[in-house]
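# Secondary and tertiary structure notes
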Amino acid sequence: MDWPISEVARMSGVTARTLRHYDETGLLPPARIGANGHRYYEEHQLLLLQQILVLRALGVGLPEIGRILSEQVDEVDALRGHHRRLLAERDRLDALAGTVSRTIAELEQSRKDGTPMTINRPENLFEGVQPADYEENMSDFPELAEEVGRRAATMSQADADAGHRERTAQMIRLAELMAAGEPADAEPVQAEIDTQYRALTQLRAVSAEEYRAIGRSCVDNDAWRTAYEAIAPGLATYQRDAIEAYATTRLH
């Protein structure tokens, strides 16, 4: 039995575009290509796709995944290895959840005591954290998602960690401005947003309306909002408002 690429995309949650990319790079060729030019996958390819997605969720780049898949012989042994990695990742995420939980408790206590807001400052808070699927996290922005996914696929873990640390540092700087009472349209805040916007435009052109939509996603996208709120409560809304002000005054 085999399945067309559209069905595999539906079952796995991976876009057909990504599956075609996996084929083009030799990572996951289909079992066959039909007379209509469509790709078809059998059980063996689905098992390989499962392994690819597990390894991507663990932060392994596509070149390294290709090496792992080419060197492994027994599927059961390979799955046992992935299972060990998943258990280790579970333990690491449990520890991360504990850190965020303690931060929440400290912030709630500071509010009860009437003391100034404390900002969570572990620069490595997100070290080792990789989105399970970059395209999925940016599903509302398919062109950006494609470029981000393509770049993420070639990243080493060290590069990914450095990127996460820089994004965390950006959020902390914004949180400090928010805690200092700077309005979202204040010049120091807008300077931070300008840095973020210029980083985005290195990937592709971003219109004012698209940037506004990205700002709204800081609140509407669960994963993004959680990341901002782990730094300081209210930061997701602050970032959204700052982007709205930037788009209105500088991108009109």
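Below or above, wherever it landed, is the structure these notes cover. Residue indices follow the written sequence of each chain, beginning from 1 at its first position. A pLDDT threshold of at least 70 governs which residues receive local features in this predicted model, and a stricter bar of 80 or more applies before side-chain atom pairs are shown or counted, although totals over entire chains, interfaces and linings include all residues. Here the side-chain values reflect all heavy atoms present in the structure, with hydrogen atoms and water set aside.

## Quick notes on the packing of helix H9 (residues 187-201) against helix H12 (residues 235-250)
This is how the line gets drawn: For helices, the fitted line uses only the C-alpha atoms of the stretch in contact; every axis is such a line through C-alpha atoms, and the angle between N-to-C directions lies from 0 to 180 degrees. Under the DSSP-based scheme used, a helix requires at least four consecutive residues in state H or I and a strand at least two consecutive residues in state E, with every element numbered from the N terminus. Geometric relationships in this document are graded by angle, where less than 35 degrees denotes roughly parallel, more than 145 denotes roughly antiparallel, 65 to 115 denotes roughly perpendicular, and other angles denote oblique. Contacts are assigned to residue pairs that have any heavy atoms within 4.5 Å of one another. Think of it as three bins: nonpolar holds Ala, Val, Leu, Ile, Met, Phe, Trp, Tyr, Cys and Pro, charged holds Asp, Glu, Lys and Arg, and polar takes everything else, Gly as well.
Where H9 meets H12, the closest approach of the two axes is 9 Å, and the angle between their N-to-C directions is 85 degrees. Considering their axes alone, H9 and H12 lie roughly perpendicular with respect to each other. Between H9, through Glu187, Val189, Gln190, Ile193, Asp194, Gln196 and Tyr197, and H12, the contact on the second element is made entirely by Tyr238, Gln239, Ala242, Ile243, Ala245, Tyr246, Thr249 and Arg250. Along the lines of polarity and charge, the residues of the contact of H9 with H12 split into eight nonpolar, four polar and three charged.

## Observations regarding the environment of Arg167
Among the secondary structure elements, Arg167 is positioned in helix H8 (residues 157-179). When the C-alpha atoms of Arg167 and Gln196 are compared, they prove to be 9.2 Å apart, with 29 residues separating the residues in sequence.

## Considerations on H12
Selection rule: Any helix carries an expected span of 1.5 Å times its number of residues minus one. The cut-offs for exposure are 20% and 50% of the maximum accessible area for each residue type, with area from a 1.4 Å probe on protein chains only; residues under the lower value are buried, those over the upper are exposed, and the others partly exposed.
In this model, H12 (16 residues) spans 22 Å end to end at C-alpha, consistent with the 22 Å of a helix rising 1.5 Å per residue. Buried within H12 are the following residues: Leu235, Ala236, Tyr238, Gln239, Ala242, Ile243, Ala245, Tyr246 and Ala247.

## So, the pattern of salt bridges
Opposite charge on two side chains lets them pair, provided their charged atoms get close. How we decide: One side-chain nitrogen of Lys or Arg within 4 Å of one carboxyl oxygen of Asp or Glu is enough to make a salt bridge.
Enumeration over the complete set of coordinates arrives at eleven salt bridges. A salt bridge links Arg67 to Glu64, with the shortest nitrogen-to-oxygen separation between them at 2.4 Å. Here Arg67 pairs with Glu64, and both are found in helix H4 (residues 62-71), just three residues apart, close to one helical turn. A salt bridge links Arg216 to Glu209, with the shortest nitrogen-to-oxygen separation between them at 3.4 Å. Since its relative accessible area comes to 45%, Glu209 is described here as partly exposed.

## Considering helix H10 (residues 208-220)
Here H10 contains 13 residues, and its C-alpha end-to-end distance of 18 Å stays within 8% of the 18 Å for a straight helix at 1.5 Å per residue. Within H10, ten of the 13 residues are buried, which leaves it mostly tucked inside the rest of the structure. Within H10, the full set of buried residues consists of Ala208, Glu210, Tyr211, Arg212, Ala213, Ile214, Gly215, Ser217, Cys218 and Val219.

## Describing the packing of aromatic side chains
Selection rule: To pair, rings of Phe, Tyr and Trp, with the six-membered ring standing in for Trp, must have centres within 6.5 Å; the planes then decide the type, stacked if under 30 degrees apart, edge-to-face if over 60, and tilted in the middle. Two conditions define a charge sitting above a ring: the NZ of Lys or the CZ of Arg must be within 6 Å of the ring centre, and it must be within 35 degrees of the ring normal.
What the rule picks out here adds up to three aromatic pairs. Here the aromatic rings of Tyr211 and Tyr246 are separated by 5.9 Å at their centres, their planes lie at 80 degrees, and the arrangement is edge-to-face. In this pair, Tyr211 sits in helix H10 while Tyr246 sits in helix H12, placing the two residues 35 residues apart along the sequence. Here Tyr246 falls in the buried class, since its relative accessible area comes to 3%. One aromatic cluster is present, formed by Tyr197, Tyr211 and Tyr246 through successive ring pairs. In this structure, Arg32 packs its charged tip against the face of Tyr40, placed 4.2 Å from the ring centre.

## A few points about the sheet that holds strand E1 (residues 3-4)
Under the convention used in this document: Only when DSSP finds a minimum of two bridges between them are two strands counted as paired.
Across the sheet, three strands lie side by side as E1-E3-E2; this open sheet has antiparallel pairing. The strands lining the two open edges of the sheet, one partner per strand, are E1 and strand E2 (32-33). With two bridges connecting them, E1 and strand E3 (residues 39-41) associate as antiparallel partners. In the sheet register, Pro4 faces E3, and the bridge partner there is Tyr40.

## Let's talk about the nonpolar core
Condition: As used here, the term nonpolar core means buried Ala, Val, Leu, Ile, Met, Phe, Trp, Tyr and Cys residues forming a set that is joined through side-chain atoms within 4.5 Å.
Grouped together as the largest cluster of nonpolar side chains are 30 residues, with contacts concentrated most on Tyr211, Leu235 and Tyr238. Counting only elements with at least two residues in this core, the list comes to H8, H9, H10, helix H11 (222-231) and H12. No other element matches the seven residues that H12 contributes to this core. Residues in contact with Leu235, not counting those within four places in the same chain, are Met171, Leu174, Ala175, Met178, Tyr228 and Glu229. The next biggest cluster of nonpolar side chains, apart from the first, holds 19 residues, and it includes Ala9, Leu49, Ile65 and Ile68.

## Brief notes about the packing of H10 against H12
Contact pair H10 / H12: the axes reach a minimum separation of 7 Å and the direction vectors enclose 170 degrees. In this view, H10 runs roughly antiparallel relative to H12, as classed from their interaxial angle. Contacts between H10 and H12 involve Ala208, Tyr211, Arg212, Gly215, Arg216, Cys218 and Val219 from the former and Ala236, Thr237, Gln239, Arg240, Ile243, Glu244, Tyr246, Ala247 and Thr248 from the latter. Taken together, the residues of the contact of H10 with H12 break down into eight nonpolar, four polar and four charged.

## Thoughts on the environment of Val189
Among the structural elements, Val189 can be located in helix H9. Among the residues examined, Val189 registers a relative accessible area of 0% and is labelled buried. The spatial distance from the C-alpha of Val189 to the C-alpha of Ala175 is 9.9 Å, given a sequence separation of 14 residues.

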